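Architecture at a glance
Each chain, written out:
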Amino acid sequence: MSADELALLQTVRLKGRVARAELTGPVDECVAAGSLVDAPMVRLTDAGRSTLAELLAAERATVDRDAADRVYDRFLLVNAAVKPLISQWQLTRDAAGPDEVTAVLDQLAELHRQVLPVIGEASGLVERLGSYADRLDAALRRARDGDMSWLTRPMVDSYHTVWFELHEELIGLAGRTRATEAESGSGG
Amino acid sequence: MTIGAGSRHAVLLDDGLDDAARRAVGGKGRAVSEMVALGLPVPPAFCVTSEWSDETPSELVDRLWQDVLGGLKLLEERTGRVFGAGPRPLLLSVRSSGVTSMPGMLETVLNVGVDDAVVTALGEEYSVAFAEDTRERFRRGYRRAVGADAPDGPLAQLRGAVDAVASSWSSARVDAYRAHRGIERGGIAILLQAMVFGNLDARSGTGVLFTRDPTTGASAPFGEWLPAAQGDDVVSGTSDCEPLSAMRTSLPDVYDELIAAGVRLELLGGDVQDVEFTVEAGKLWLLQSRVAQRSPHAALRLALAFRDEGLVDDAGVIDRVTPEQLATILAVRSAPAGPPLATGVAACPGIASGLVCTTSDDAIAAADEGRDVILVRPTTSPDDVAGIMAANGVVTEVGGASSHAAIVARELGIPAVVGCGVGLTASLAGQVITVDGDAGEVRLGESASTVSMLSPELSRFADIVRAAVPDAVGDLPALHLAARAARP
């Protein structure tokens, strides 16, 4: 139960507000426990935030700190290339022809190949993180199938949406906060 | 001219293509033949073309293969080189030449026709380093386009490259794109061209010329130059390009020739051109020319400049500014005067005003009440995306142009200034501020609309539009639509 509860609460937290119909897992139980707001658009209650913080702390306690640090540092290396690539694409896409589209997809595919082993290591520490590989795969595939909005569109599982969430997860896994990461230049 | 006895499938890209041939060879093929007709330096090239029936890509290439070999023979005669053999080997670039360009249909394979003997010959003709670099580029590019390791034999390489281009015309993503845009599959055109080498030496390179600035609309050449490199380096962004002025310094004569060619191509096309070129050992070669994409402001400026130069008439000006571009130009707001409260990185352009909210929940609640909201955060996490969506503008303390907040704001078209400095959030809470995403500034107070203050260029445009539809009434966008509808 607590693994499912953790996954559910973390999903809601990372997405802010989620249509109840789109959620899987112990939704009704979490609403009954007062962790989730009882509404069609679900979000965390203050109690839910505390519960989630406890569950995440318990999860982190099972993880080797050095290993988590190594995973996060490896992620940052790829992150430092992914975000500028996506930014550059946003700034140039209006004038982009097929060659530019291919170029950005090819570069992202290369970075995607680089991040997969990082996610593999992360899922060795915390199993649920393995799903990020599938979600990134799906976003990249949809972009490759011709709909480039799957690179950047917010509120759907676009490549950047999933990447942003993965970044947040790995910050947490390494026991850091986004504020400290931002000050060190890695969190923005 | 067409090649081979009884063949209707291979077209040498010379001057004087008839209408049917011009249609069949696609956009790239047409541009190449037009540049040849102008007497501009273009590497010899031909297209194999075909209608496309129910056959598989491989069956199609089987059918076209004799035409490929026939065209290749002609390129060998033109260049005095031999494909796949020394002492002067001919290498090819193989590209698709669609009528409409579309993502996914992009397979370009460069440096085709390189085996051990060719590497040796290239090494003796030029240099060993160049020969090895070219082979490595071929292997990398082939793997990327074809998805398999390159075969050893030059003819097998050519077959693999042509197969890849033909397959790309029928791939799932291209079919999806065609369906999305309502484009018919139509015929196929594959462009085969003698390679010229921007990676040959220090007096070589590759680049792109815009005959006028596509961002600002200034009537001055603009572009990028990458010394000692090939075209895919520019597109893939693996190297840092230099501005075209760097080429003017290092290769002044070639630069002048390029600019002069750009002027002629612009005259021929009647519009700003985006020209791909390569310089091989100090000699200019033009590879491609097409009408350049441009920003809304550039579209307006350029339309007026072309009219001043007598290249288009009033109807042309009205035609060249789309309703969408006009709306963007008109949607300008100005920030209030006074010293900025904060400055940072301009992450997404535009100007927005509203009440400062420092958490996403507050921003959503205020927006639900109908307030204009500016979300101000130390930094953003995924759960702030909902807050950004509710906001009219975004400000962060930490983060650069590639930060997550900048990416999300840009995607939503929300003016954003990021990296304004630690501690800003608390000092702004509860105030009404304006975010100037063009200047990278945050100011106290609300912005003012400047729609009534037309720029000189917009005034001229308005005069032209009014003169075209003297009896119509309405604001400028309405008159513009009426004028476009009234075109002959």
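**Examining the overall build of chain B**
- Counting its secondary structure elements, chain B contains 19 helices and 22 strands.
- Taking all 488 residues of chain B together, 49% fall into the buried category.
- Long-range pairs, those at least 24 residues apart, make up 60% of the contacts in chain B with a sequence separation of at least 6.

**Description of the overall build of chain A**
- Tallying secondary structure elements over chain A gives 9 helices and 2 strands in all.
- Traced from its N-terminal end to its C-terminal end, chain A shows the element sequence α-β-α-β-α-α-α-α-α-α-α.
- Here chain A holds 188 residues, and 41% of them are scored as buried.
- Across chain A, the fraction of contacts at a sequence separation of at least 24, relative to all contacts at a separation of at least 6, is 53%.

**A short note on the nonpolar core**
- Membership of the largest hydrophobic core comes to 96 residues, with the highest contact counts inside it found for Val11 and Ile190 of chain B.
- Considering each element in turn, this core owes the most residues, 7 residues, to helix α11 (residues 296–308) of chain B.
- Core analysis: the second largest hydrophobic core is formed by 77 residues, Leu105 of chain A together with Ala342, Ala406 and Val417 of chain B among them.

**A closer look at the sheet that holds strand β15 (residues 345–348) of chain B**
Residues and elements named next belong to chain B.
- The sheet built from 8 strands is open, its strands ordered β14-β21-β20-β16-β17-β18-β19-β15 with mixed pairing. Taken across any chain shown, the strands that pair with only one partner, and hence form the sheet edges, are β14 (342–343) and β15.
- Pairing between strand β18 (residues 393–396) and strand β19 (residues 416–418): 2 bridges, direction parallel. By the bridge assignment for β19, Val395 is matched with Val417.
- Its contacts with the sheet put helix α14 (residues 360–368) on β16 (351–357) and β17 (373–377), and the angle it makes with β17 is roughly 180°.

**Looking at the pairing of β16 of chain B**
Residue and element names in this part refer to chain B.
- Of all 7 residues that make up β16, 6 are buried, and the element is covered over most of its length.
- The pairing of β16 with β17 spans 3 bridges and is parallel. Among the inter-strand pairings, Leu355 is bridged to a residue of β17, identified as Val373.
- Between the parallel pair β16 and β17, the chain is carried across by α14, and the sense of this crossover is right-handed.

**Quick notes on the pairing of strand β6 (residues 108–112) of chain B**
Residues and elements named next belong to chain B.
- The buried count for β6 comes to 5 of 5 residues, which makes it a mostly enclosed element.
- In this sheet, β6 lies alongside strand β5 (residues 92–96) in antiparallel orientation, the contact comprising 3 bridges. In the sheet register, Val94 faces β6, and the bridge partner there is Val109.

**Topic: the environment of Ala305 of chain B**
- Along the chain, Ala305 of chain B falls in helix α11.
- Given 19 C-beta atoms within a 10 Å radius, Ala305 of chain B is considered partly exposed.

**What about the sheet that holds strand β1 (residues 10–12) of chain B?**
Residues and elements named next belong to chain B.
- Spatial strand order, β1-β2-β7-β5-β6: 5 strands in an open sheet with antiparallel pairing. Across the chains shown, the open sheet's two edge strands, defined by having one partner strand only, are β1 and β6. Sheet twist, expressed as the mean angle between neighbouring strand axes with direction ignored, is 20°.
- Relative to strand β7 (residues 188–194), strand β2 (residues 45–50) runs antiparallel, the two sharing 6 bridges. Along β7, the bridge assignment pairs Cys47 with Leu191.

**Topic: the packing of helix α3 (residues 57–79) of chain B against helix α6 (residues 154–168) of chain B**
Residue and element names in this part refer to chain B.
- Direction vectors running N to C along α3 and α6 enclose 130°, while the axes themselves pass 10 Å from each other. Classified by the angle between their axes, α3 and α6 sit oblique to one another. Relative to α6, the crossing made by α3 is right-handed. Along the contact surface, α3 presents Pro57, Ser58, Leu60, Val61 and Val68, while α6 presents Val162, Asp163, Ala166 and Ser167.
- For the contact of α3 with α6, the per-class residue count stands at 6 nonpolar, 2 polar and 1 charged.

**Focus: the packing of helix α4 (residues 65–92) of chain A against helix α16 (residues 404–412) of chain B**
- Where α4 of chain A contacts α16 of chain B, the two axes come as close as 10 Å, and the packing angle between them is 20°. With respect to each other, α4 of chain A and α16 of chain B are oriented roughly parallel. For α4 of chain A against α16 of chain B, the interelement crossing comes out left-handed. Facing α4 of chain A, whose interface residues are Lys83, Ile86, Ser87 and Gln90 of chain A, α16 of chain B presents Ala406, Ile407, Arg410 and Glu411 of chain B.
- The residue inventory of the contact of α4 of chain A with α16 of chain B, partitioned by class, reads 3 nonpolar, 2 polar and 3 charged.

**Points about the environment of Thr215 of chain B**
- On the secondary structure map, Thr215 of chain B appears in the loop between β8 (205–210) and β9 (222–227).
- Counting along the chain gives 81 residues from Thr215 of chain B to Pro296 of chain B, while the straight-line C-alpha distance between them is 8.4 Å.

What counts and how
- Residues numbered from 1 in each chain as written.
- Chains lettered and ligands numbered in written order.
- Predicted model: local features only at pLDDT ≥ 70, side-chain atom pairs only at ≥ 80, totals over all residues.
- Helix = DSSP H or I, 4+ residues; strand = E, 2+ residues; numbered from the N terminus.
- Buried ≥ 20, exposed ≤ 12 C-beta atoms within 10 Å, placed from the backbone.
- Contact = placed C-beta atoms within 7 Å.
- Core = buried A, V, L, I, M, F, W, Y, C linked by C-beta atoms within 7 Å.
- Pairing = 2+ DSSP bridges.
- Axes fitted to C-alpha atoms, helices over the stretch in contact; angles between N-to-C directions.
- Right-handed = clockwise from strand over helix to strand, strands pointing away.
- Parallel < 35°, antiparallel > 145°, perpendicular 65-115°, else oblique.
- Left-handed = near helix turned anticlockwise from the far one by under 90°.
- Nonpolar A, V, L, I, M, F, W, Y, C, P; charged D, E, K, R; others polar.

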